Amino acid sequence: MRLTQIFAAAAIALVSTFAVADDAADKAIRKSLENLQLEVPVESITASPLPGLYEVKLKGSRVLYASADGQYVVQGYMFQLKDGKPVNLTEKAERLGISKLVNEIPVAETVVYPAIGETKSHITVFTDTTCPYCHKLHAEVPELNKRGIEVRYVAFPRQGLGSPGDEQLQAVWCSKDKKAAMDKMVDGKEIKAAKCDNPVSKQFALGQSIGVNGTPAIVLADGQVIPGYQPAPQVAKLALGAK
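Here is what the cut-offs are and how they apply
- Residues numbered from 1 in each chain as written.
- Predicted model: local features only at pLDDT ≥ 70, side-chain atom pairs only at ≥ 80, totals over all residues.
- Heavy atoms only, no water.
- 1 Å grid on protein atoms, 1.4 Å probe; cavity = no way out; pocket = protein on both sides within 12 Å on 5 of 7 lines; lining within 4 Å.
- Points joined across faces, edges and corners; volume = space filled by probe spheres on them.
- Helix = DSSP H or I, 4+ residues; strand = E, 2+ residues; numbered from the N terminus.
- Nonpolar A, V, L, I, M, F, W, Y, C, P; charged D, E, K, R; others polar.
- Buried < 20%, exposed > 50% of the residue type's maximum accessible area, 1.4 Å probe, protein only.
- Contact = heavy atoms within 4.5 Å.
- Salt bridge = Lys/Arg side-chain N within 4 Å of Asp/Glu carboxyl O.
- Pairing = 2+ DSSP bridges.

Side note on the layout of surface pockets
Part 1 of the reasoning: Reported here for the largest pocket is a volume of approximately 620 Å³.
Part 2 of the reasoning: Arg62, Glu94, Ile98, Ile210 and Gly211 are, among the 30 residues lining the largest pocket, the residues nearest its centre.
Part 3 of the reasoning: Taken together, the elements giving at least two residues each to the lining of the largest pocket come down to β3 (63-67), α3 (89-103) and β11 (225-227).
Part 4 of the reasoning: Among the elements that take part in the lining of the largest pocket, α3 stands out by supplying 5 residues, more than any other.
Part 5 of the reasoning: Across the lining of the largest pocket, the residue classes break down as 13 nonpolar, 12 polar and 5 charged.

Right, here's the structure in full:
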């Protein structure tokens, strides 16, 4: 039986109540994770809905599970059956963490394309001006704006820091009018901008921490990550369902 099936069966009729792990469990689990050399800081350890199993949240919103003595560590989805339907508790927890991280990015550090009329929701897009599918999505931003979706761009040089994409993104973020600079850069026009302190490397690191490994990566308001290009009508449908 697959691990997720085991969790689903074991979680039937359980109530999703969380509590901070007791000191002994917290110390034991942290010690085990140190031995695993995950190289990702632990943000919190709480009791999961499954008795005897603890939820471990890592920096960047990833979730693991561990036994109270730290001898068993599990990576995978935990499901709860509610009214006969499976609810992915792991995904819910990870989305909450991603939503918090992404929605805390200062709007002033993004390139914003506001909704036309009422703002019904927003999306955050990790983008690279050298990415063809980012260009394709960018062409549909006006349609998203018409549908009440605010688009917030953050930088993610897909070939790494120091790449041509990184240089282009820094030029955009160092421009007085970031929106106009983004439009020109996507259109293949060269822009001139003096070097400045900018958030490109910080946003790149944030994207990596939540699992972004390509562009465009669309993050909905609720923290759901949509990897790759999607047509505007599909993105709007998902965004409005996630507000």
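Concerning empty space enclosed by the protein
Part 1 of the reasoning: In total, this model carries 1 cavity of 30 Å³ or more according to the counting rule given.
Part 2 of the reasoning: The computed volume of the largest cavity comes to approximately 30 Å³.
Part 3 of the reasoning: Residue lining of the largest cavity: Val102, Ile105, Val107, Thr110, Thr124 and Arg152, and that is the complete set.
Part 4 of the reasoning: Within the lining of the largest cavity, the residues separate by chemical class into 3 nonpolar, 2 polar and 1 charged.

Details of the environment of Glu140
Part 1 of the reasoning: Summarising the element assignment, Glu140 is placed in the loop between α4 (132-139) and α5 (141-146).
Part 2 of the reasoning: Classification of Glu140 as buried rests on a relative accessible area of 18%.
Part 3 of the reasoning: C-alpha of Glu140 to C-alpha of Pro233: the two residues are 93 residues apart in sequence and 9.4 Å apart in space.
Part 4 of the reasoning: Those residues in contact with Glu140 that lie beyond four places of it in its chain are Tyr229, Pro231, Ala232 and Pro233.

Quick word on unusual backbone geometry
Part 1 of the reasoning: Each neighbour pair has its own omega, and for Thr215 with Pro216 the value is -5°, a cis peptide bond.
Part 2 of the reasoning: Despite not being glycine, Ser61 has its phi angle at roughly 85°, a positive value.
Part 3 of the reasoning: In this structure Ser61 comes out as buried when scored by relative accessible area, which is 7%.
Part 4 of the reasoning: Non-glycine residue Asp83 carries a positive phi angle of around 55°.
Part 5 of the reasoning: In this fold, Asp83 is placed in the loop between β5 (79-82) and β6 (85-88).
Part 6 of the reasoning: In this structure Asp83 comes out as exposed when scored by relative accessible area, which is 80%.

With respect to the pattern of salt bridges
When the charged atoms of two side chains lie near each other, side chains of opposite charge can form a pair.
Part 1 of the reasoning: Throughout the structure, instances matching the rule amount to 11 salt bridges.
Part 2 of the reasoning: Lys100 is the partner of Glu104 in a salt bridge, and the nearest nitrogen-oxygen pair spans 3.1 Å. Neither residue differs from the other here; Glu104 and Lys100 are each classed as exposed.
Part 3 of the reasoning: Between Lys189 and Asp187 there is a salt bridge, with the nearest N and O atoms lying 3.7 Å from each other.
Part 4 of the reasoning: Note on Lys189: relative accessible area 48%, which makes it partly exposed.
Part 5 of the reasoning: Note on Asp187: relative accessible area 52%, which makes it exposed.
Part 6 of the reasoning: A cluster of three or more residues bridged by salt bridges with shared partners is formed by Glu91, Arg95 and Asp222.

A few points about the pairing of β3
Part 1 of the reasoning: Burial runs high along β3: 5 of the 5 residues are buried.
Part 2 of the reasoning: Burial of β3 is two-sided: the residues Val63, Tyr65 and Ser67 facing one way and the residues Leu64 and Ala66 facing the other way are all buried.
Part 3 of the reasoning: In terms of strand pairing, strand β2 (residues 53-58) meets β3 through 5 bridges, oriented antiparallel. Of the residues in β3, the one forming a bridge with Glu55 is Tyr65.
Part 4 of the reasoning: Two strands pair when backbone bridges link them, and β3 and strand β4 (residues 73-74) are joined in this way by 2 bridges, in the antiparallel orientation. Each residue of the ladder has a partner; that of Tyr65, found in β4, is Val74.
Part 5 of the reasoning: Connecting β3 to the next strand, β4, in antiparallel fashion are 5 residues, including Gly70 with a positive phi near 75°.

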